[in-house]
Amino acid sequence: MLAIRNLSRGFMPPRSGQHSHAWSDGLAMRVAPIGVVAAGDPKHAAALALQDGLVSHSEEGIYAGQAIAAAVASAMVGNSIDRIFSDALSVVEPDSWTARLMKRADELVSSSNNWNDLAIKAGDELTCMDYYWADLAPEAVSLSFVAFLGGEGDFSSSVLNAVNLGRDADTIAAMTAGIVGAMTGI
């Protein structure tokens, strides 16, 4: 809504995406079709997500959208879970909040023995409980990757994982489903 307000005031991209909610997960939630169009080319998917994102988002909001678009593009051609994650991470600004949380999500999944412990650790370490809105892009995207990586390529397990992580669960599930759905043909 803030981007729409900016556009109605005559602010064109990238200015339209510069507002107090520009780090939301809205772009990341809507970019799965971009990954489908850019199948096999995560960098192109990220470039398209950037162009889409400049209208409504900036910085962390865009980085998160680029990660999901790249993951879907990588998944579309049957890459492994690890390759999908590395392709997603490769398009994110290296020193960003999004990149740091994505790396931590991968570490948590790699060191976890079971889903329940992983979900608790992810909630403790990847979420910003001091902020009352749950649509922080770095948080939602990292939780989506926890659900995806923790689901080990199984669609039902991955989406169920995402929903059960809480926070912005509908968005986290949508992003997870976009990635694992592209990977499995669903």
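Residues numbered from 1 in each chain as written. Predicted model: local features only at pLDDT ≥ 70, side-chain atom pairs only at ≥ 80, totals over all residues. Heavy atoms only, no water.

Draft legend 1. Fine view of the overall build of the chain. Along the chain, the regular secondary structure elements total eleven helices and zero strands. Against the 2.2 N^0.38 benchmark of 16 Å for 186 residues, the chain shows a C-alpha radius of gyration of 15 Å, consistent with a compact globule. For the C-alpha atoms alone, the extent of the chain along its principal axes is close to 50 × 40 × 30 Å. In the chain, which comprises 186 residues, the share counted as buried stands at 51%. Across the chain, every contact between residues at least 6 apart in sequence was considered, and the portion connecting residues at least 24 apart equals 66%. (Helix = DSSP H or I, 4+ residues; strand = E, 2+ residues; numbered from the N terminus. Rg over C-alpha atoms; globule rule 2.2 N^0.38 Å. Buried < 20%, exposed > 50% of the residue type's maximum accessible area, 1.4 Å probe, protein only. Contact = heavy atoms within 4.5 Å.)

Draft legend 2. Local environment of the nonpolar core. One finds Ile68, Val141 and Phe145 to be the most contacted residues of the largest nonpolar core, which totals 52 residues. Among the elements that take part in this core, helix α5 (residues 60-75) stands out by supplying ten residues, more than any other. Those residues in contact with Val141 that sit more than four places away from it in its chain are Ala28, Ala64, Ala67, Ile68, Met102 and Met175. (Core = buried A, V, L, I, M, F, W, Y, C linked by side-chain atoms within 4.5 Å.)

Draft legend 3. Spotlight on the packing of aromatic side chains. Following the criterion strictly, the structure yields one aromatic pair and no others. Aromatic pair Phe85 and Phe145: ring centres 5.4 Å apart, planes at 80°, arrangement edge-to-face. Remark: Phe145 occurs in helix α9 (residues 137-150) and Phe85 occurs in helix α6 (residues 81-90); sequence separation between them is 60 residues. The exposure classification of Phe85 matches that of Phe145, with both residues buried. Sitting over the ring of Phe11, Arg15 keeps its end group 4.5 Å from the ring centre. (Phe/Tyr/Trp six-rings, centres within 6.5 Å; stacked < 30°, edge-to-face > 60°. Lys NZ or Arg CZ within 6 Å of the ring centre and 35° of its normal.)

Draft legend 4. Up close: the pattern of salt bridges. For the structure on display, the rule yields six salt bridges. Across the pair Glu125 and Arg104 runs a salt bridge, and its minimum N-O distance is 2.6 Å. Linking Glu125 in helix α8 (residues 115-126) with Arg104 in helix α7 (residues 97-111), this pair joins segments that are 21 residues apart in sequence. Of the residues examined, Glu125 reaches a relative accessible area of 37% and is grouped as partly exposed. The residue Arg167 makes a salt bridge to Glu139 at a minimum N-O spacing of 2.7 Å. With Arg167 in the loop between α10 (155-164) and α11 (169-184) and Glu139 in helix α9, this residue pair connects regions lying 28 residues apart in the sequence. With a relative accessible area of 1%, Glu139 lands in the buried category. When salt bridges that share partners are traced, they join Arg104, Glu107 and Glu125 into one network. (Salt bridge = Lys/Arg side-chain N within 4 Å of Asp/Glu carboxyl O.)

Draft legend 5. Fine view of α8. Here α8 contains twelve residues, and its C-alpha end-to-end distance of 15 Å stays within 8% of the 16 Å for a straight helix at 1.5 Å per residue. Considering only its buried residues, α8 is in contact with α7 and α9. Sitting at the head of α8, Asn114 places a side-chain oxygen 3.1 Å from the backbone nitrogen of Asn116. (Expected span 1.5 Å × (residues − 1). Polar contact = N/O pair within 3.5 Å; in protein donor to acceptor, adjacent residues only side chain to side chain.)

Draft legend 6. Geometry of α9. For α9, spanning 14 residues, the distance from its first C-alpha to its last is 19 Å, which sits close to the expected 20 Å at 1.5 Å a residue. In terms of burial, α9 is a largely internal element, 13 of the 14 residues being buried.

Draft legend 7. Representation of the packing of α6 against α9. Contact geometry of α6 with α9 gives a least axis separation of 10 Å together with a crossing angle of 165°. Here α6 lies roughly antiparallel to α9, going by the angle between them. The two elements α6 and α9 cross, and the hand of that crossing is left-handed. Taking contact as the criterion, the partners of Ile81, Ile84, Phe85 and Ala88 in α6 are, on α9, Phe145, Phe148 and Leu149. Residue composition of the contact of α6 with α9, grouped by class: seven nonpolar, no polar and no charged. (Axes fitted to C-alpha atoms, helices over the stretch in contact; angles between N-to-C directions. Parallel < 35°, antiparallel > 145°, perpendicular 65-115°, else oblique. Left-handed = near helix turned anticlockwise from the far one by under 90°. Nonpolar A, V, L, I, M, F, W, Y, C, P; charged D, E, K, R; others polar.)

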